[in-house]
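Read off the chains here:
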Amino acid sequence: MITIRVQGDAIDSAAVLAAIEQPGAGAVASFAGLVRGDDGVTVLELEHYPGATEAALDKLAIEATERWSLLAVQIIHRVGRMVPGDRVVVVATAAPHRGAALDACAFLIDRLKTDAPFWKREERGSDARWVEARGSDHAAADRWRAAPGSTRP
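Residues numbered from 1 in each chain as written. Predicted model: local features only at pLDDT ≥ 70, side-chain atom pairs only at ≥ 80, totals over all residues. Heavy atoms only, no water.

Chemist: Provide a residue-level description of the overall build of the protein chain, including the pertinent values.
Modeler: What the protein chain contains, in helices and strands, is four helices and eight strands. Once the C-alpha set of the protein chain is aligned to its principal axes, its extents read approximately 50 × 35 × 30 Å. Nonlocal contacts in the protein chain, meaning residues at least 24 apart in sequence, comprise 79% of its contacts between residues at least 6 apart. Carbon and sulfur atoms make up 52% of the accessible area of the protein chain, which amounts to about 7,900 Å² in all. Separation of charge centres in the protein chain, based on 18 positive and 21 negative side chains, amounts to 4 Å. (Helix = DSSP H or I, 4+ residues; strand = E, 2+ residues; numbered from the N terminus. Contact = heavy atoms within 4.5 Å. Areas by Shrake-Rupley, 256 points an atom, 1.4 Å probe, with all protein chains shown as cover. Lys, Arg positive; Asp, Glu negative; His and termini not counted. Charge placed at Lys NZ, Arg CZ, Asp CG, Glu CD.)

If you want it as structure tokens, here you go:
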């Protein structure tokens, strides 16, 4: 079961975790990304390309289910204006064993940072700027681009 949502509404982490639990699952792994207020950020605004964004996230979820023995994947990503402390994304995976759930969850969050079409704008007081993915984001995503059959970066 793969669930992908891109939404303007707040993300309910508890609902995501409750929905991902599947018969046969021995592990659920999750990641929640929050808006950081470091460097004076007061507002984070995310835009996306409807249809293309969901397709990119679905492609990543399919890749994860093919690479690991997953029973379910949920990727819920928020768009619009957010403030520090708001949830931006929740990624959750369910698998028979913890290693697959943990690795797949890490894979998904690392790859969606660079492979999904989102545009990020940060506001700091009266200043606003568009933000590019960092070199560290690309390095994290690249570590998963291993030979087929590999489960670890």
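Chemist: Got a sec to walk through the side chain of Glu 122? Specific residues and values, please.
Modeler: As for its position among the elements, Glu 122 is in strand E7 (residues 118-124). Those residues within four positions of Glu 122 in sequence are excluded, and the remaining contacts are Val 41, Val 43, Leu 44, Asp 127, Ala 128, Arg 129 and Val 131.

Chemist: Can you lay out helix H1 (residues 13-20) for me, pointing to particular residues and giving the numbers?
Modeler: Here H1 has its buried residues at Ser 13, Val 16 and Ile 20. Along the long axis of H1, the arc covered by the buried residues comes to 60°, so they all point the same way. For H1, the exposed residues set more than 90 degrees away from the buried face come down to Ala 14 and Ala 18. If you follow the buried residues of H1, they end up packed against strand E2 (27-34), strand E4 (72-78) and strand E6 (87-95). Sitting at the amino-terminal end of H1 is Asp 12, which places a side-chain oxygen 3.1 Å from the backbone nitrogen of Ala 14. (Buried < 20%, exposed > 50% of the residue type's maximum accessible area, 1.4 Å probe, protein only. Arc of directions from axis to C-beta. Polar contact = N/O pair within 3.5 Å; in protein donor to acceptor, adjacent residues only side chain to side chain.)

Chemist: So what's going on with the side chain of Thr 93? Which residues, and what values?
Modeler: You can see Thr 93 is positioned in strand E6. The exposure class assigned to Thr 93 is buried, which follows from its relative accessible area of 0%. Among the polar contacts listed, one links the side chain of Thr 93 to the backbone oxygen of Ala 101, at a separation of 2.7 Å. Discounting residues that sit within four places of it in the chain, Thr 93 has contacts with Ile 20, Ala 27, Val 28, Ala 29, Leu 70, Ala 72, Val 73, Ala 101, Ala 104, Cys 105 and Leu 108.

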